[in-house]
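# Structural features, examined
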Amino acid sequence: MAKVKLSKINKFYGSVQALQDVSLEIEEGSFVVFVGPSGCGKSTLLRSIAGLEAVDSGSIIIGDADVTHLEPADRNLSMVFQSYALYPHMTVRGNMEFGMKVNGVPPEKRARQVDEAARILQLSELLDRKPAQLSGGQRQRVAIGRSIVKNPKVFLFDEPLSNLDAKLRVQMRIELETLHKELGATMIYVTHDQVEAMTMADRVAVISQGVLQQVDTPMTLFNEPDNIFVAAFIGSPSMNIMEGVVDRNGQGLKMTLGRQSLAVPEEVLQRRPALEGYLGRKVAVGLRPKDFEDAAITSDHPADQRLRAEVLHTEALGFEIIAYFDVDAKPIISQEALELSDEEISAAESSTTRVNARFNPSTSVRAGDAIDVAVTVGNAHFFDLETGLAIRA
């Protein structure tokens, strides 16, 4: 295993810049996930590390070696792709040992390494089967096993679970986490699925339009996003972000969203002192779905921390109810998102924000109900409307 250091990586495809000054340090033995929407540059960055794409400028250091201009075979990396790429005429053992065989590894050593990888991946009983006799999850484990036997410095994964069904993806996520702990290896994983990123990674690198937006632990990304893009991308359902104004209200603070106002606890200003400079100005206000509740079933929120709303739609998920309602405040969507989604462009032109809220399953609200919605205002996030950056210290 080895540390990976990327410095000012730039990559162009003609006039299109796929990666812009990407700098990142990946600690030895860590599990780092690159996440972002389709076309953001995450796979290009992974392929650049692997040597499958030549960078236009910048450097790639693996361990103590500068591998920027080395061929893929000389970087001592192993990559698992979205497609299994197994030889259909070979057995599981044959597929796993093929690379070693080509490189002249003695048969006894090949057998030992395949047997050990098969033990780790629970493939020992399947070594004599051919790919057609395996399930999708088993084939992916074979592809991973083929990487393990190479004993690489770094494992690279390019959306390896995207071809599997939802239940199998959950199972494979657990298996990959277990594998990482057992091997203690440096792993870099690419996905567009932020749930995968949040559940598997030590650290997550969020990428948009070739730019590294934020790198941190999953919970820090969730609780303290650096900008509007990260705030909206991390979390499911996504954060509700709308235009609002925070200002003084007598001795206290209030937050105005459209025609309604909410009392703001003083602790918000203590945690985010830079907000003082925005009082009376329009800002982007972010509230996660978990920060709303049906006021009829909670006594934790005073009357001045409630919104009046009409429920438009509900989704009963058993462990929670997702309720949708409108707030007459302009929705705020990052420029990166606008360039990717016609639906979000249309939403941004509206004067109302469609809010999604996670209610306790004991709620009785249904579409068409006029209700009071309790808001945990202390959890609100605030962003500068011009820069999109979080307003904090």
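Details of the structure are given in the entry above.
Below is a short write-up of the structure. (Residues numbered from 1 in each chain as written. Predicted model: local features only at pLDDT ≥ 70, side-chain atom pairs only at ≥ 80, totals over all residues. Heavy atoms only, no water.)

## Considerations on the overall build of the protein chain
Helix and strand counts for the protein chain come out as 11 helices and 20 strands. Seen through its C-alpha atoms, the protein chain measures out along the principal axes to roughly 80 × 45 × 35 Å. By the burial criterion, 49% of the 393 residues in the protein chain qualify as buried. Total accessible area on the protein chain stands at roughly 18,200 Å², and carbon and sulfur atoms take up 48% of it. Here the protein chain contributes 41 positive and 53 negative side-chain charges, whose respective centroids are spaced 5 Å apart. (Helix = DSSP H or I, 4+ residues; strand = E, 2+ residues; numbered from the N terminus. Buried < 20%, exposed > 50% of the residue type's maximum accessible area, 1.4 Å probe, protein only. Areas by Shrake-Rupley, 256 points an atom, 1.4 Å probe, with all protein chains shown as cover. Lys, Arg positive; Asp, Glu negative; His and termini not counted. Charge placed at Lys NZ, Arg CZ, Asp CG, Glu CD.)

## Considering the pairing of strand 6 (residues 77-80)
By the alternation rule, side chains of strand 6 split into L77 and M79 and S78 and V80, which are all buried. Two elements, strand 6 and strand 7 (residues 154-158), share four bridges in a ladder whose sense is parallel. Counted as the bridge partner of L77 is V154 from strand 7. (Pairing = 2+ DSSP bridges.)

## Some remarks on the pattern of salt bridges
Tallied over the entire structure, the rule returns 20 salt bridges. A salt bridge links K282 to E243; the nearest nitrogen and oxygen atoms lie 3.5 Å apart. Taken as a pair, K282 in strand 14 (residues 282-287) and E243 in strand 11 (residues 240-249) lie far apart in primary sequence, 39 residues in all. Two residues, D372 and R308, come together in a salt bridge whose shortest N-O distance is 3.2 Å. Of the two residues, D372 is situated in strand 19 (residues 370-375) and R308 in strand 16 (residues 306-316); the sequence distance between them amounts to 64 residues. The network of salt bridges with common partners includes E224, D226, R272 and R392. (Salt bridge = Lys/Arg side-chain N within 4 Å of Asp/Glu carboxyl O.)

## Overview of the side chain of R173
With respect to the secondary-structure elements, R173 resides in helix 5 (residues 166-183). For R173, which is buried and forms no salt bridge, the nearest opposite charge comes from D193, at a distance of 5.1 Å. When residues no more than four places from it in sequence are discounted, the contact partners of R173 are L161, V195, E196, T199 and M200. (Contact = heavy atoms within 4.5 Å.)

## Focus: the sheet that holds strand 10 (residues 211-216)
The strand order across the open sheet built from six strands is 6-7-8-3-9-10, with neighbouring strands paired in mixed fashion. Of all strands in the sheet, those with a lone pairing partner are strand 6 and strand 10, marking the two edges. Taken pair by pair, the neighbouring strands of this sheet meet at an average axis angle of 20 degrees, ignoring direction. Summarising the sheet, strand 3 (residues 31-35) and strand 8 (residues 186-191) pair through five bridges and their orientation is parallel. The residue bridging V33 from the neighbouring strand is Y189, located in strand 8. This element, helix 5, spans strand 3, strand 7 and strand 8 of the sheet and lies at about 160 degrees to strand 8. (Axes fitted to C-alpha atoms, helices over the stretch in contact; angles between N-to-C directions.)

## Focus on the environment of R281
Position of R281 among the secondary structure elements: in the loop between helix 9 (266-271) and strand 14. For R281, the contacting residues outside a window of four places in its chain are G244, V245, V246 and D384.

## Structural notes on the sheet that holds strand 2 (residues 16-26)
Spatial ordering of the open sheet is given by 2-1-4-5, a layout of four strands whose pairing is antiparallel. Two strands close off the open sheet at either side, each with one partner strand: strand 2 and strand 5 (65-66). Two strands pair when backbone bridges link them, and strand 1 (residues 4-13) and strand 2 are joined in this way by seven bridges, in the antiparallel orientation. Among the inter-strand pairings, F12 is bridged to a residue of strand 2, identified as Q17.

## Concerning the packing of aromatic side chains
The description of an aromatic ring pair uses the distance of the two centres, along with the angle that the planes make with each other. For the structure shown, the criterion picks out six aromatic pairs. Between F31 and Y189 the ring centres are 6.0 Å apart and the planes differ by 40 degrees, which places this aromatic pair in the tilted class. Of the two residues, F31 sits in strand 3 while Y189 sits in strand 8, which places them 158 residues apart along the sequence. Like F31, the residue Y189 is buried in the burial classification. Measuring from centroid to centroid gives 6.4 Å for F155 and F157, while their planes differ by 15 degrees, and the two rings are stacked. A relative accessible area of 5% means that F155 is categorised as buried. By relative accessible area, which is 0% here, F157 ends up buried. Put simply, the rings of F31, F155, F157 and Y189 pair up and form one aromatic cluster. (Phe/Tyr/Trp six-rings, centres within 6.5 Å; stacked < 30°, edge-to-face > 60°.)

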